[in-house]
Protein chains: 2
Amino acid sequence: MPNYHKPEAKVVQELRDIANKIRIHSVTSTQAAKSGHPTSCASIAEILSVLFFHTMRYKVSAPKDASSDRFVLSKGHAAPALYAAWAEAGLFPVTDLQNLRKIDSDLEGHPTPRLNFIDVATGSLGQGLSMAGGMAYVGKNYDKANYRVYCLVGDGESAEGSFWESVHFASYYKLDNLCLILDVNRLGQSQETSMGHDFENYRKRLEAFGMQAIIVDGHDVEDLVKAFHTAASTKGRPTAIVAKTFKGKNFPEIENLENWHGKALGGETDRVIEHLKKLITNPGPLQIHPHKPLKDDAPVVDISNIKLSSPPNYKLGDNIATRVAYGTALVKIAKNNSRVIALDGDMKNSTFSENLLKVDPARYIECFIAEQSLVGTAIGAACRDRTVPFVSTFACFLTRAFDQIRMGAISQTNVNFVGSHCGVSIGEDGPSQMGLEDLAMFRAVNGSTIFYPADAVSTERAIELAANTKGITFTRVNRPTTSVVYPNDFVFAVGKANVLVSSPEDQVVLIGAGITLQESITAAKELAKAGIHARVIDPFTVKPLDTETIIKNIKEAGGRAVVTEDHYYEGGLGDAVFSATALERNIVVKHLAIGKLPRSGPSDVLLDLYGISAKHIALAAQEVLKL
Amino acid sequence: MPNYHKPEAKVVQELRDIANKIRIHSVTSTQAAKSGHPTSCASIAEILSVLFFHTMRYKVSAPKDASSDRFVLSKGHAAPALYAAWAEAGLFPVTDLQNLRKIDSDLEGHPTPRLNFIDVATGSLGQGLSMAGGMAYVGKNYDKANYRVYCLVGDGESAEGSFWESVHFASYYKLDNLCLILDVNRLGQSQETSMGHDFENYRKRLEAFGMQAIIVDGHDVEDLVKAFHTAASTKGRPTAIVAKTFKGKNFPEIENLENWHGKALGGETDRVIEHLKKLITNPGPLQIHPHKPLKDDAPVVDISNIKLSSPPNYKLGDNIATRVAYGTALVKIAKNNSRVIALDGDMKNSTFSENLLKVDPARYIECFIAEQSLVGTAIGAACRDRTVPFVSTFACFLTRAFDQIRMGAISQTNVNFVGSHCGVSIGEDGPSQMGLEDLAMFRAVNGSTIFYPADAVSTERAIELAANTKGITFTRVNRPTTSVVYPNDFVFAVGKANVLVSSPEDQVVLIGAGITLQESITAAKELAKAGIHARVIDPFTVKPLDTETIIKNIKEAGGRAVVTEDHYYEGGLGDAVFSATALERNIVVKHLAIGKLPRSGPSDVLLDLYGISAKHIALAAQEVLKL
């Protein structure tokens, strides 16, 4: 271990004191809030003290600084300890800590980026390391800067498979700038963890998954200082520091006991505080301070105003799958901005994200068949606006990472999702491969934008818009080809629906998206033969839905509409249209969607069997005319 | 290794022949379908041959037999090989295999329980072992029978964290009746897996996670026979057989090469078939046959007509959290049926599933913080109607297992989910702990039933009904207390809404559920003071929603309604009501829900801040009166 210098005795004592100050703040702030997790804070106090006052290099005055070390508290319920560390470091007055969990304070129960020192929200367990891995991947491969990423994970949450996906990702990509600290305090919420204090077991697993594992006494600041030095000196693989700790450490008669999870100390508070104060040698101003980064070596990055390098170039009536157009668009926007990246889960030859790999391998991150790691990595890569990630796989497999996507919304992330192979139109592979719940899922994601382009032209523009849209975006693309219905110079906008077929005599509006827009256009032609005039609307974005255009057009067509989607009945385009028209009297909307568990078969046969083909749309329109 | 007898040479040759027959069927059936995964079938042909014709004990004539060994094909895309094994075993004519993926055949692209020999659907990767673990847990602990459970997992899908959760579950619970076979064929869909043919790495990981690991040549039937014998002879821990295989084995110029995933062989078919035929010594009728179970030792189980052991026993106006009533109901139904079990992810003292643990530890399965394993285990435990599982955790954390739940619907599973801590009403813990997307998620699950009880009485009845409802059920329960509004003898039914407040003069209908039903009742009282008559409806089940009652009552109240929910705007109760009324002219529905990312704060303050409290409902009702 090169250049290791044991810290001076006074530094060691100061680090111990800071740890106990963090404990005191954690106890008093949770007691003031009458809720929270003081015992979970107590086990990580020395880890935070050493990281924030000895190991990490960062600017207290600029928590988002691009060249500073990053810290992710995966066990988000220990937020009070993290807040206390930043307060002691000088970011805000320690007296603010008493506002923990109050309605007018951003010091929430679990960390969110409402706080300027939080990059990613945590609180759903087992997710922190994937996001830290994304940050470390960017630091090593794109920023090529010296900052390191530290991620503190609880032992209870290491039971999450997503954690092991992330350990594998970090070791596979040799993220030696990533350091995991596993807080093995033995106790979960309702009982002991399945592995208790079996440190050798943790070591074996972490080493088998490719990390260097170092077991330390997590309450010994010298042990920690040395381990962090070893981690920083180790090249070629990430390090896991397995910290033997005790829940409620230094809380007499509470330490290492069950039934103290997630509780303020109540009547025990004064006794515990008194004990903690006695442990502190220097109750006055701190004698040590955080270290700044050695240099400002992270490049300035601009991810604004991303454009397709060339406009869409198709002919009306060309048959192209929208997933293919996605691959084309991805390469075009990547050409114009070096921070556009793609991530996929071994589906790149189906989603066409491989197009970017082919032109610039460095900007494609293969995440293999591990969708939680895929999504978490992208959220980490996106934070602090360092990259513009596009995450693709089959739409149905994005459900594997719903919790990560949900947390991504709380993280205020700007990740763009692309889900291919939606609906029964995929055909013979059968229901397990069909995205039939994806619109419901993404509609329910806070602040999301959902593109559902019907042809290659609109897909390219959707991807361009997505790259510039804040928050989570989802673009739903089809496996089979669809006909180009837009001219290359058509101008699209988020929340702007397009009327594709209309006449002053229209009696009904047909609303469809993707494959069902195509079916709706065919249905309109069929209806015309029967003398029925139908208007056709492409919403383009399902969320936000263009309420104004939809209401206006339905009213013009006698208050009648048929909305058709290749998705289950619940939560998708139909519900969006119902919601848009809910306050209007005199509007009726007939909904066609997938109402049964579908089966394997040819795409067109399935569209017909489940009642969303042009034939069924035309019939539904005729029924609606009677209402 | 006791009692190991090397198989006779003619048996060995027959097993080899069967493997190549499976290959032939896989090639011809996928070629007939013009799609599918013949190379993924080829790598597992000997494994299936040995399992189905030497190792497993089962009744070909009764694939669901309770005492027979179980087989789960986690890598569901290799379905043609599995179908071929069953056809060769004699369950159906091999000529049927040519109907693979056709619209009128149940031999779908991926296995589903439409086939009588499939217990659980697969096709979304990394899920099979959790379900197999659930089956093995039931076999060992509830059935106490000799049947063994075999689960074949692909190497690509072992990248899924859910797989490692399941390995841990199996070893933690010492499931020595479970045998994992890992098909390490090196090649994923779009490139080599991250671990290729590094068998020692797989061994290290599996052993670190507590399984016995045996590396074998997966194309050597003797090696396989011996390994399966060792697995069956090993007590106290499950065994993983790590099979070195080649994708496209015995397909010349295709074997072990990239770019052959998920493709019928097309022009290569005849050449490959010719080669495979040459490898077969006995092209005629099989000389060996599957072994029957040694005895019928699994007990007869009856899970029908489950009742609460005693009726609800509350007083009108009592304040009880519905999550507490869940715990009470769980114990009551468990008293009356020995196959009612509970599973939780270290949240049992918050969800009150611990009530069952306290009265009967054997019927509570702790799954620790691994929700995917939790759900997969329950699906496995439920199959073949062996148990009635109740799965509980915070509603938001069920999103972690959306893909498993989605696949559970394809598996036609009868798992009952209970999600506590829904909505902003949980208070200070903040958005990461709030279930705000759960109704959207469960509404989009095919065939689901969603209970959203408002008080303790209706919660007990919801749980009783859930236990007897086929398909997936979800019961949404609250953290804070709610007031008892139903008498103990009230009769509830799935799809039956209850009108709680009404008069002939009603001008508007207020619809709420759980906490917002309570707020709606308060709002009605407030409105009454202002001389406005409001009717209040409790839907009780969000899915199916009682369309008839809702439309009838809204019409009686001037076609006006306000629906309020503690959930994001999209996909929940509001959308359900819109959908129910979409074909009615002259109905307007105002929707109150959570429209912003919420924050930490007191429960009642949050209800008010996000506009779903009684005050806001009353205001909305007054606005709707103008429409």
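On a predicted model such as this, the values are computed, not experimentally measured, just so you know.

Draft legend 1. Representation of the overall build of chain A. Broken down by element type, chain A carries 21 helices and 19 strands. Over its C-alpha trace chain A gives a radius of gyration of 27 Å, about what one expects of a compact globule, namely 25 Å for 627 residues. With respect to the principal axes defined by its C-alpha atoms, chain A has extents near 90 × 50 × 40 Å. Roughly 19,000 Å² of accessible area belongs to chain A as shown, and the carbon and sulfur atoms make up 50% of that amount. Across chain A, the centroid of the 66 positively charged side chains sits 2 Å from that of the 69 negatively charged ones.

Draft legend 2. Highlighting the sheet that holds strand E12 (residues 473–476) of chain B. All names here are of chain B. The strand order across the open sheet formed by seven strands is E8-E7-E9-E10-E12-E11-E17, and the pairing between neighbours is mixed. The sheet is open, and its two edges are formed by strand E8 (364–366) and strand E17 (541–543), each paired on a single side. On average, adjacent strands in this sheet sit at an angle of 20° to one another, irrespective of strand direction. Relative to strand E9 (residues 388–394), strand E7 (residues 340–344) runs parallel, the two being bridged by five bridges. Its bridge partner lying in E9, Ala342 is registered against Phe390. Those strands touched by helix H16 (residues 456–467) are E9, strand E10 (416–420), strand E11 (449–451) and E12, and its axis lies near 135° from that of E9.

Draft legend 3. Empty space enclosed by the protein, seen in detail. On inspection of all chains with the given rule, the structure shows eleven cavities of 30 Å³ or more. Within this model, the largest cavity holds a volume of roughly 230 Å³. Looking at the lining of the largest cavity, the elements that each hand over two or more residues are helix H6 (161–172) of chain A together with helix H6 (161–172) and helix H7 (199–208) of chain B. Here the lining of the largest cavity gets six residues from one element, more than from any other, and that element is H6 of chain A. For the lining of the largest cavity, the class distribution of residues is 13 nonpolar, ten polar and seven charged.

Draft legend 4. Layout of helix H10 (residues 322–336) of chain A. Here H10 of chain A is 15 residues long and its end C-alpha atoms lie 21 Å apart, about the 21 Å a rise of 1.5 Å per residue gives. For H10 of chain A, a buried count of eleven out of 15 residues is recorded, marking the element as mostly surrounded by other parts of the structure.

Draft legend 5. Structural view of the domain arrangement of chain A. Residues and elements named next belong to chain A. For chain A, the assigned domains read domain 1 (9–279), domain 2 (319–483) and domain 3 (498–625). A separation of 32 Å is found between the C-alpha centroids of domain 1 and domain 2. Contact with domain 1, which involves 28 residues of that partner, is made by 29 residues of domain 2. Buried surface at the junction of domain 1 and domain 2, summed over both partners, amounts to about 2,300 Å²; 58% is from carbon and sulfur atoms. When the buried area of domain 1 at its contact with domain 2 is split by residue, Gln127, Tyr142 and Glu165 rank highest and sum to 24% of it. Linking domain 1 with domain 2 are two salt bridges. Of the charged contacts, one joins Asp143 and Arg339 as a salt bridge, the two residues approaching to 2.8 Å between their closest N and O atoms. Connecting domain 1 to domain 2 are ten residue pairs in polar contact (both at pLDDT 80 or more). For the side of domain 1 that touches domain 2, the secondary-structure elements that each account for two or more residues are helix H5 (128–143) and H6. Considering every element that reaches the side of domain 1 that touches domain 2, the biggest residue donor is H5, with eight residues.

Draft legend 6. Summary view of the side chain of Ser40 of chain B. Considering the arrangement of structural elements, one finds Ser40 of chain B in helix H2 (residues 38–42). In this structure Ser40 of chain B comes out as buried when scored by relative accessible area, which is 1%.

Draft legend 7. Just the pairing of E10 of chain B, in detail. Residues and elements named next belong to chain B. Within E10, five of the five residues are buried, which leaves the element mostly enclosed by the surrounding structure. Residues Asn416, Val418 and Ser420 line one face of E10 and the alternating positions Phe417 and Gly419 line the opposite face, and both faces are buried. Where E9 meets E10, five bridges bridge the pair, whose relative direction is parallel. Bridge pairing links Ser392 to Val418 in E10. In this region the chain leaves E9, passes through helix H14 (residues 402–410) and returns to the parallel neighbour E10; the handedness of that crossover is right-handed. Here E10 pairs with E12 via four bridges, running parallel.

Draft legend 8. Summary view of the packing of aromatic side chains. All names here are of chain B. Applying the stated rule across the entire model yields 54 aromatic pairs over all chains. On the basis of an interplanar angle of 65° and a centroid distance of 5.8 Å, the ring pair of Tyr137 and Tyr142 is categorised as edge-to-face. Here the aromatic rings of Tyr486 and Phe490 are separated by 4.7 Å at their centres, their planes lie at 55°, and the arrangement is tilted. Assessed through its relative accessible area of 2%, Tyr486 is described here as buried.

Draft legend 9. Summary view of the environment of His5 of chain B. All names here are of chain B. Tracing the sequence through the fold places His5 in the segment before helix H1 (9–33). Looking at His5, the relative accessible area reads 65%, which means it is exposed. With 618 residues separating them in the primary sequence, His5 and Glu623 have C-alpha atoms 82 Å apart.

Draft legend 10. Structural context of the interface of chain A and chain B. Taken together, the contact between chain A and chain B spans 105 residues of the former and 106 residues of the latter. In total, chain A and chain B occlude about 8,800 Å² of area from one another, counting both sides; carbon and sulfur atoms represent 50% of this. Among the residues of chain A in contact with chain B, Ile103, Arg400 and Arg585 of chain A are the three that bury the most area, contributing 9% of the side total. Our count for the contact surface shared by chain A and chain B stands at twelve salt bridges. In this structure, Glu570 of chain B engages Lys543 of chain A in a salt bridge whose closest nitrogen and oxygen atoms are separated by 3.7 Å. Inspection of the region where chain A meets chain B yields 68 residue pairs in polar contact (both at pLDDT 80 or more). The element best represented in the side of chain A that touches chain B is helix H14 (residues 402–410) of chain A, accounting for seven residues.

Draft legend 11. Fine view of the relation of the copies chain A and chain B. Rotating chain A by 180° and translating it 0.0 Å along the rotation axis places it on chain B, where the RMSD comes to 0.0 Å. The symmetry that links the two subunits is that of a two-fold axis. Rotation axis and chain A: the residue whose C-alpha lies nearest the axis is Gly161 of chain A, separated from it by 1.8 Å. Looking at the interface residues of chain A, 100% of them are also at the interface in chain B, so both copies use one shared face.

Draft legend 12. Focus on the nonpolar core. Membership of the largest hydrophobic core comes to 176 residues, with the highest contact counts inside it found for Leu206, Phe417 and Phe442 of chain A together with Leu206, Phe417 and Phe442 of chain B. Those residues in contact with Leu206 of chain B that sit more than four places away from it in its chain are Phe163, Trp164, Val167, Leu180, Leu182, Met211, Ala213, Ala240 and Val242 of chain B.

Draft legend 13. Main features of the pairing of strand E5 (residues 239–244) of chain B. Residue and element names in this part refer to chain B. Buried residues dominate E5, accounting for five of its six residues. The sheet contact formed by strand E3 (residues 178–184) and E5 spans six bridges and is parallel. Considered in E5, the bridge of Leu182 is made with Val242. Of the pairings in the sheet, the one linking strand E4 (residues 212–217) to E5 comprises six bridges and is parallel in character. The residue bridging Val216 from the neighbouring strand is Ala243, located in E5.

Draft legend 14. Spatial organisation of the sheet that holds strand E9 (residues 388–394) of chain A. All names here are of chain A. Strand order in the open sheet formed by seven strands is E8-E7-E9-E10-E12-E11-E17, and the pairing between neighbours is mixed. If you trace the sheet from one side to the other, it starts and ends with strand E8 (364–366) and strand E17 (541–543), each paired once. Sheet twist, expressed as the mean angle between neighbouring strand axes with direction ignored, is 20°.

Draft legend 15. Representation of H6 of chain B in the model. Residue and element names in this part refer to chain B. With twelve residues, H6 ought to run about 16 Å at 1.5 Å a step, and its terminal C-alpha atoms sit 16 Å apart, in line with that. Burial runs high along H6: eleven of the twelve residues are buried. Gly161, Ser162, Phe163, Trp164, Glu165, Ser166, Val167, His168, Phe169, Ala170 and Ser171 are the residues of H6 that are buried. Trailing H6 by a residue or two, Lys174 shows a phi angle of about 50°, which is positive.

Definitions and limits used
Residues numbered from 1 in each chain as written. Chains lettered and ligands numbered in written order. Predicted model: local features only at pLDDT ≥ 70, side-chain atom pairs only at ≥ 80, totals over all residues. Heavy atoms only, no water. Helix = DSSP H or I, 4+ residues; strand = E, 2+ residues; numbered from the N terminus. Rg over C-alpha atoms; globule rule 2.2 N^0.38 Å. Areas by Shrake-Rupley, 256 points an atom, 1.4 Å probe, with all protein chains shown as cover. Lys, Arg positive; Asp, Glu negative; His and termini not counted. Charge placed at Lys NZ, Arg CZ, Asp CG, Glu CD. Pairing = 2+ DSSP bridges. Axes fitted to C-alpha atoms, helices over the stretch in contact; angles between N-to-C directions. Contact = heavy atoms within 4.5 Å. 1 Å grid on protein atoms, 1.4 Å probe; cavity = no way out; pocket = protein on both sides within 12 Å on 5 of 7 lines; lining within 4 Å. Points joined across faces, edges and corners; volume = space filled by probe spheres on them. Nonpolar A, V, L, I, M, F, W, Y, C, P; charged D, E, K, R; others polar. Expected span 1.5 Å × (residues − 1). Buried < 20%, exposed > 50% of the residue type's maximum accessible area, 1.4 Å probe, protein only. Domains from an automatic or database assignment. Buried area = accessible area lost by both parts, 1.4 Å probe. Salt bridge = Lys/Arg side-chain N within 4 Å of Asp/Glu carboxyl O. Polar contact = N/O pair within 3.5 Å; in protein donor to acceptor, adjacent residues only side chain to side chain. Right-handed = clockwise from strand over helix to strand, strands pointing away. Phe/Tyr/Trp six-rings, centres within 6.5 Å; stacked < 30°, edge-to-face > 60°. Least-squares fit on C-alpha atoms with pLDDT ≥ 70 in both. Core = buried A, V, L, I, M, F, W, Y, C linked by side-chain atoms within 4.5 Å.

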